[in-house]
Amino acid sequence: MKRRIFIKNAALTGAGVAVGSSLLSCADSENKENKELEIASTTNSKASLPLVIATWHVIDATAKAMEVLEADGTALDAVEQGCRVEEANEKGQSVGKGGLPDREGNVTLDACIMDKHGNCGSVVYLQNITHAVSVARKVMEDTPHVMLAGKGAEQFALEQGFKKENLLTEASKKAWSAWKVESKYKPIINIENHDTIGMLAIDKNGDISGACTTSGLAYKMAGRVGDSPIIGSGLFVDNEIGGCVATGLGEEVVKTVGSFLVVELMRQGKSPQQACEEAIGRIVNKPNSDYKNFQVGYIAVNKKGETGSYSIHQWFSMTKFQDGVNEQIQSDFFNKA
Ligand code: ASP
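Residues numbered from 1 in each chain as written. Predicted model: local features only at pLDDT ≥ 70, side-chain atom pairs only at ≥ 80, totals over all residues. Heavy atoms only, no water.

*Asks:* Help me out: how do you make sense of the overall build of the chain in this one?
*Replies:* Helix and strand counts for the chain come out as 9 helices and 15 strands. Burial status across the chain gives 60% buried among its 337 residues. Within the chain, contacts between residues at least 6 apart in sequence are counted, and of these 66% link residues at least 24 apart. By element, 51% of the accessible surface of the chain is carried by carbon and sulfur atoms, the whole surface being about 13200 Å². (Helix = DSSP H or I, 4+ residues; strand = E, 2+ residues; numbered from the N terminus. Buried < 20%, exposed > 50% of the residue type's maximum accessible area, 1.4 Å probe, protein only. Contact = heavy atoms within 4.5 Å. Areas by Shrake-Rupley, 256 points an atom, 1.4 Å probe, with all protein chains shown as cover.)

Listed below in structure tokens is the structure:
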């Protein structure tokens, strides 16, 4: 994920332990670059197909997905292939191989996928397998279940011929070691960065599918699972209406069943942009919302091919490939204070 916007954290305490959440910031050069990007404040009404959108700046992933779509591939194949690009990218420290580990040094992946029929598959707390999104697809297509977790998910993946790999790269190990020093002296305040790749595509037949994949919050508690593998939270697709994927602090997305909410708001007539904004509103307008200390972002597409994206804080972006243009679009955001 080139020029990925990383998010720093403020403190968030829960269950007696410190759990990081997100806020802003990245390298100055990246900020400048992003300032020049157009804010996606209104719904894009261009509707030519096929199209693919993804969270963050992942032009290689959207390019791969578009290659599949242009070759008359399905939206399902496109989102799987697109997500695999970032899972294999060891430089991306929030997805697949090279993802930052939990507090104990384990890289654990969450992923899910959903097709035009409303079928879905998901893996949670998957270890030692790079392509979690493909395992999720296998769960969807080759088992009577929707979700496999932990050892069972890994065993299933190995049985399906997936390669066992050590996902903890030297760079992530180093980052984890550095974090451990900090955590010793500042047990409440953690700093971590995170972002999930979530992707939605509409193929030449007008059918919609979606997928998302992540290593979750860096330095999370062992066993923690976020929103990304939870159908309706991290991802939801209804081929009659549209689709949505989420990124950011998964706990907040789960509490509002964010992606399902966005799709239901579109069903009620809202544009993708309006729906994303209202779903963020549900989080920030809660009494005592701590939103200043975490980030959540949504991207969405409707059946007409209109798209939208919105986040709590600045520097969330969407990559969109449509009509031969593969571009990063800076999202509008709530917290302008
Ligand atoms: N939503 C993911 C999670 O909470 C993390 C992210 O998007 O950065 O696991």
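Read on for the rest.
*Asks:* Is there a simple way to explain the environment of Lys255 in this structure?
*Replies:* Considering the arrangement of structural elements, one finds Lys255 in helix H7 (residues 250-255). When its relative accessible area of 53% is taken as the criterion, Lys255 is described as exposed. With 28 residues separating them in the primary sequence, Lys255 and Asp227 have C-alpha atoms 9.2 Å apart.

*Asks:* Even after reading the chapter, I still don't get the packing of aromatic side chains, so can you show me in this structure?
*Replies:* Each aromatic ring pair is specified by the distance between its two centres and by the angle formed by the two planes. Within the structure shown, the criterion is met by 4 aromatic pairs. Both rings, one in Trp179 and one in Tyr219, keep their centres 4.8 Å apart while their planes meet at 15 degrees; by these two values the pair is stacked. Placement of the pair is Trp179 in helix H6 (residues 170-185) and Tyr219 in the loop between strand S9 (208-214) and strand S10 (235-238), with a sequence separation of 40 residues. Tyr219 matches Trp179 in its accessibility class, with the two residues each being buried. (Phe/Tyr/Trp six-rings, centres within 6.5 Å; stacked < 30°, edge-to-face > 60°.)

*Asks:* Can you walk me through the pattern of salt bridges in this structure?
*Replies:* Pairing is possible between side chains of opposite charge, provided their charged atoms come close. Under the criterion given, the structure shown has 19 salt bridges. A salt bridge links Lys164 to Glu154; the nearest nitrogen and oxygen atoms lie 3.4 Å apart. Here Lys164, found in the loop between helix H5 (150-159) and H6, pairs with Glu154, found in helix H5; they are 10 residues apart in sequence, far enough to count as distant. Of the residues examined, Glu154 reaches a relative accessible area of 5% and is grouped as buried. Shared partners join several salt bridges into a network, and the residues in it are Asp77, Glu80, Arg137 and Glu141. (Salt bridge = Lys/Arg side-chain N within 4 Å of Asp/Glu carboxyl O.)

*Asks:* How do you make sense of the confidence of the model for the chain when you look at a structure like this?
*Replies:* Low-confidence regions, as indicated by low pLDDT, have predicted coordinates that should not be scrutinised in detail. Residue-level pLDDT values for the chain average 85, and 83% of them are 70 or greater. Confidence drops under pLDDT 50 across residues 1-36; counting only partners more than four residues distant or on other chains, this segment forms 101 contacts. Here residues 184-194 scores under 50 on pLDDT; set against residues more than four positions off or in separate chains, the count is 37 contacts. (pLDDT = per-residue confidence, 0-100.)

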